[in-house]
Amino acid sequence: MPLQIQKSSWSTTELEDLRELSRSFLQKEIVPHQERWAAEKKLDREIWTKAGEVGLLCLSIPEEYGGGGGTFAHEAVLYEEQARSGDNAWGVTVHNGIVAHYLLSYASEDRKREWLPKLASGEFVGAIAMTEPGTGSDLQSIKTRAVRDGDHYVLNGAKTFITNGFHADLVVVACKTDPDAGAQGVSLIVVETDTPGFRRGRVLDKVGLKGQDTAELFFDDVRVPVANLLGDAEGQGFVQLMLQLPQERLIIAVTAVAGLEAAVNLTIDYTKERTAFGRPIFGFQNTKFKLAEAATEAAVSRAFLDQCIERHLKGELDVQGAAMAKLWTTERVNKVVDECVQLFGGYGYMTEYPIARAWADVRISRIFGGTSEIMKEIISRTL
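The rules behind these values
Residues numbered from 1 in each chain as written. Predicted model: local features only at pLDDT ≥ 70, side-chain atom pairs only at ≥ 80, totals over all residues. Heavy atoms only, no water. UniProt positions renumbered as here; feature names shortened; annotations may be inferred. Helix = DSSP H or I, 4+ residues; strand = E, 2+ residues; numbered from the N terminus. Rg over C-alpha atoms; globule rule 2.2 N^0.38 Å. Buried < 20%, exposed > 50% of the residue type's maximum accessible area, 1.4 Å probe, protein only. Contact = heavy atoms within 4.5 Å. Areas by Shrake-Rupley, 256 points an atom, 1.4 Å probe, with all protein chains shown as cover. Lys, Arg positive; Asp, Glu negative; His and termini not counted. Charge placed at Lys NZ, Arg CZ, Asp CG, Glu CD. Phe/Tyr/Trp six-rings, centres within 6.5 Å; stacked < 30°, edge-to-face > 60°. Salt bridge = Lys/Arg side-chain N within 4 Å of Asp/Glu carboxyl O. Patch = residues over 30% accessible without salt bridge, like charges linked within 9 Å, V, L, I, M, F, W, Y side chains within 5 Å. Pairing = 2+ DSSP bridges.

Under the annotation held in an unreviewed UniProt entry, the chain carries the name Acyl-CoA dehydrogenase family protein and is attributed to Amycolatopsis carbonis. Its UniProt record gives the chain the following Cofactor (unreviewed entry) comment, quoted word for word: "FAD". UniProt, in the comment section headed Sequence similarities (unreviewed entry), describes the chain in these words: "Belongs to the acyl-CoA dehydrogenase family."

Here it is as structure tokens:
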């Protein structure tokens, strides 16, 4: 009997139909190519247009902009199924749940009508460029500059660890429009990647998420229209980032919990099939106790996540709650997957086994979107 996952309180018949569509698409178009994409360090570009054709892009963007007209719950269903499928290549969480919402919330009406339909169809792939080689979580210290020159900005700088960086057609760039103003000098400017002066660096070789096209990006006198500024004035970027980060952190929590549940199920199946000393590994008390703990971690994490999703759907999830969700779920998934690897024994260290790939993939969850240490700092400020 696999792990019994309680149906989420926010689920509906429509969402379960979307779950079936998501699962079918992932099994047909994504799962069979994992090994090749890992070797190439990027997925096939056509995946994006295929996803657009079946309606899996921009699920929570209004229909008037080409999106699905759904809510965060629609996004969550897709992300859960992606995590359960074992995919580590498709950067749809960044495209759908992050980039599209920066544009929806802060771009001008003309730009929204220009960009969002292209993201929804897969004609454009979206990325967001915050991290720089020397900044990490310290967004106030970014060095990328945007200098006003008439009706254009001229951008210079470098970004790294950018998900979808190789395929991106549109990048939301965090930069300094006033280098002396600290956080108040940060702005978000959209760069279309066919603009002269934009170039891509290496596709980075990561410990996990091997098939995801994570790249370096460079901006050398890149001229973009002033209309590409997000917001109605310079210096709003840091506030915009802080307002959007709770959803980004909730997305990470969604994938963490679904990944945790998948890992426990894989391990239950393996320990019941594999024998040692004349009996299934599941028959040993240590195995049963470890899996009992893991199942409990999964159930508690699921309950907390569902509560956070309900709050987010009502517009009530605050910065502290999102930080708690990310901290708890990412720490739990790392702990549980490590225990699962142990129960697989030597095979748990072989990359042809999904549990080994999951072990490498989940480690970044305690780092991106704000490290666990940053989450603790955010939470502690409210105590």
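Asker: Would you mind going over the overall build of the chain with me for this structure?
Answerer: When its secondary structure is counted, the chain shows 11 helices and nine strands. In terms of overall size, the chain behaves like a compact globule, its C-alpha atoms giving a radius of gyration of 21 Å where 383 residues would be expected to give roughly 21 Å. Projected onto its principal axes, the C-alpha coordinates of the chain cover approximately 80 × 45 × 40 Å. The 383 residues of the chain split such that 54% are buried. A separation of at least 24 residues holds for 73% of the contacts in the chain among residues at least 6 apart in sequence. Of the roughly 16700 Å² of accessible surface on the chain, a fraction of 53% belongs to carbon and sulfur atoms. Taken as two groups, the 42 positive and 53 negative side-chain charges of the chain have centres that lie 5 Å from each other.

Asker: Is there a simple way to explain the packing of aromatic side chains in this structure?
Answerer: Pairs of aromatic rings are described using the distance from one ring centre to the other and the angle between the two planes. A full pass over the atoms with the stated rule returns 10 aromatic pairs. Judged by centre distance (5.9 Å) and plane angle (65°), the ring pair of tryptophan 48 and tryptophan 90 falls under edge-to-face. Note that tryptophan 48 is positioned in helix 3 (residues 46-54) and tryptophan 90 in the loop between helix 4 (72-85) and helix 5 (92-106), a separation of 42 residues in sequence. On the basis of relative accessibility, which here comes to 0%, the residue tryptophan 48 falls in the buried class.

Asker: Would you mind showing me how to read the pattern of salt bridges here?
Answerer: Pairs can form between side chains of opposite charge whenever their charged atoms are close. Counting across every chain of the model gives 30 salt bridges. Of the charged contacts in the structure, one is a salt bridge between arginine 19 and glutamate 81, with a shortest N-O distance of 2.8 Å. Separated by 62 residues along the polypeptide, arginine 19 in helix 1 (residues 13-30) and glutamate 81 in helix 4 bring together distant segments of the chain. Here arginine 19 and glutamate 81 have matching classes, each one buried.

Asker: Would you mind going over a nonpolar patch on the surface with me for this structure?
Answerer: On the surface, Tyr347, Tyr349, Met350 and Trp359 cluster together to form a nonpolar patch covering roughly 420 Å² of accessible area. Within the fold, tryptophan 359 resides in helix 10 (residues 354-362). Among the residues examined, tryptophan 359 registers a relative accessible area of 34% and is labelled partly exposed.

Asker: What should I look at first to understand the side chain of histidine 167 in this one?
Answerer: Structurally, the position occupied by histidine 167 is in the loop between strand 3 (152-163) and strand 4 (170-176). Owing to a relative accessible area of 10%, histidine 167 belongs among the buried residues under this scheme. Leaving out residues up to four positions away in the same chain, histidine 167 has contacts with Lys42, Leu43, Asp44, Arg45, Val125, Arg200 and Asp213.

Asker: Please explain the pairing of strand 5 (residues 186-192) as it appears in this structure.
Answerer: The side chains of a regular strand alternate between the sheet's two faces. In terms of burial, strand 5 is a largely internal element, seven of the seven residues being buried. Both faces of strand 5 are covered, namely the face carrying Val186, Leu188, Val190 and Glu192 and the face carrying Ser187, Ile189 and Val191. Bridge analysis of strand 4 against strand 5 gives seven bridges, and the strand direction is antiparallel. From the neighbouring strand, valine 171 faces strand 5, where its bridge partner is valine 191.

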